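Next come the chains, spelled out residue by residue.
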Amino acid sequence: MEPNLRADFQTSINAAEQRVEQKVEEMTGHFHEYFEGIRRQQDEMKLSMEKEFVRKDDFKEFREEWREAVRDLKSMIKQSGK
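This one's a predicted model, so the numbers in the text were calculated from it and none came from an experiment.

K.L.:
Explanation requested: the overall build of the protein in the structure shown.
P.N.:
Each helix and strand in the protein was counted, giving two helices and zero strands. Against the compact-globule benchmark of 12 Å for 82 residues, the protein has a radius of gyration of 35 Å, which places it well outside the compact range. With the C-alpha coordinates aligned to their principal axes, the bounding extent of the protein is approximately 115 × 25 × 10 Å. When the 82 residues of the protein are sorted by exposure, 0% land in the buried category. For the protein, the exposed surface amounts to about 8600 Å²; the carbon and sulfur share of it is 56%.

K.L.:
Please explain the packing of aromatic side chains as it appears in this structure.
P.N.:
Here the distance between the centres and the angle between the planes together describe a pair of aromatic rings. Enumeration according to the criterion identifies two aromatic pairs in this entry. Taking 5.5 Å as the distance between ring centres and 65° as the angle between the ring planes, the aromatic pair formed by tyrosine 34 and phenylalanine 35 counts as edge-to-face. An identical accessibility class is assigned to tyrosine 34 and phenylalanine 35; each is exposed. Geometrically, the ring pair formed by phenylalanine 62 and tryptophan 66 is stacked, given 6.4 Å between the ring centres and 25° between the ring planes. Taken as a pair, phenylalanine 62 and tryptophan 66 lie in helix H2 (residues 56–80) at a separation of four residues, close to a single helical turn.

K.L.:
Honestly, the pattern of salt bridges in this entry has me stumped. Any pointers?
P.N.:
Pairing between side chains of opposite charge can happen when the charged atoms of each approach one another. Summed over the entire model, instances satisfying the criterion amount to one salt bridge. The salt bridge involving glutamate 26 is made with lysine 23; its shortest N-O contact spans 4.0 Å. Of this pair, glutamate 26 and lysine 23 both sit in helix H1 (residues 2–52), three residues apart, which is roughly one turn of the helix. Accessibility expressed as a relative area gives 49% for lysine 23, which makes it partly exposed.

K.L.:
Looking at this structure, how should I read a positive patch on the surface?
P.N.:
On the surface, a cluster of positive charge is made up of Lys60, Arg63, Arg67, Arg71 and Lys74. With respect to the secondary-structure elements, lysine 60 resides in helix H2.

K.L.:
Please clarify how a negative patch on the surface should be interpreted in this entry.
P.N.:
On the surface, Asp57, Asp58, Glu61, Glu64, Glu65, Glu68 and Asp72 cluster together to form a negatively charged patch. One can find aspartate 58 in helix H2. Residue aspartate 58 is classed as partly exposed on the basis of its relative accessible area of 46%.

K.L.:
When you look at a nonpolar patch on the surface in this model, what are you seeing that I'm missing?
P.N.:
On the surface, a cluster of nonpolar side chains totalling about 530 Å² of accessible area is made up of Met27, Phe31, Tyr34, Phe35 and Ile38. Take methionine 27: it is sitting in helix H1.

What counts and how
Residues numbered from 1 in each chain as written. Predicted model: local features only at pLDDT ≥ 70, side-chain atom pairs only at ≥ 80, totals over all residues. Heavy atoms only, no water. Helix = DSSP H or I, 4+ residues; strand = E, 2+ residues; numbered from the N terminus. Rg over C-alpha atoms; globule rule 2.2 N^0.38 Å. Buried < 20%, exposed > 50% of the residue type's maximum accessible area, 1.4 Å probe, protein only. Areas by Shrake-Rupley, 256 points an atom, 1.4 Å probe, with all protein chains shown as cover. Phe/Tyr/Trp six-rings, centres within 6.5 Å; stacked < 30°, edge-to-face > 60°. Salt bridge = Lys/Arg side-chain N within 4 Å of Asp/Glu carboxyl O. Patch = residues over 30% accessible without salt bridge, like charges linked within 9 Å, V, L, I, M, F, W, Y side chains within 5 Å. Lys, Arg positive; Asp, Glu negative; His and termini not counted. Charge placed at Lys NZ, Arg CZ, Asp CG, Glu CD.

This is the structure we're talking about:
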């Protein structure tokens, strides 16, 4: 009787181990999908920021306006000192 009991007990343990492994793999899959989604969103946001935050044309225009304003300021200072 003891060998049968031992075999039944081993079968039960093996079945329980398989269920646990299956559940762990299932949960790992969910987390993997979740983190992939976060990574994808992060990449999309980074690309959007690079495209839209300060466009090169807008920055060039700002820089030209800034230089002109500084030139005007310098000439006003120079004229007020005379």
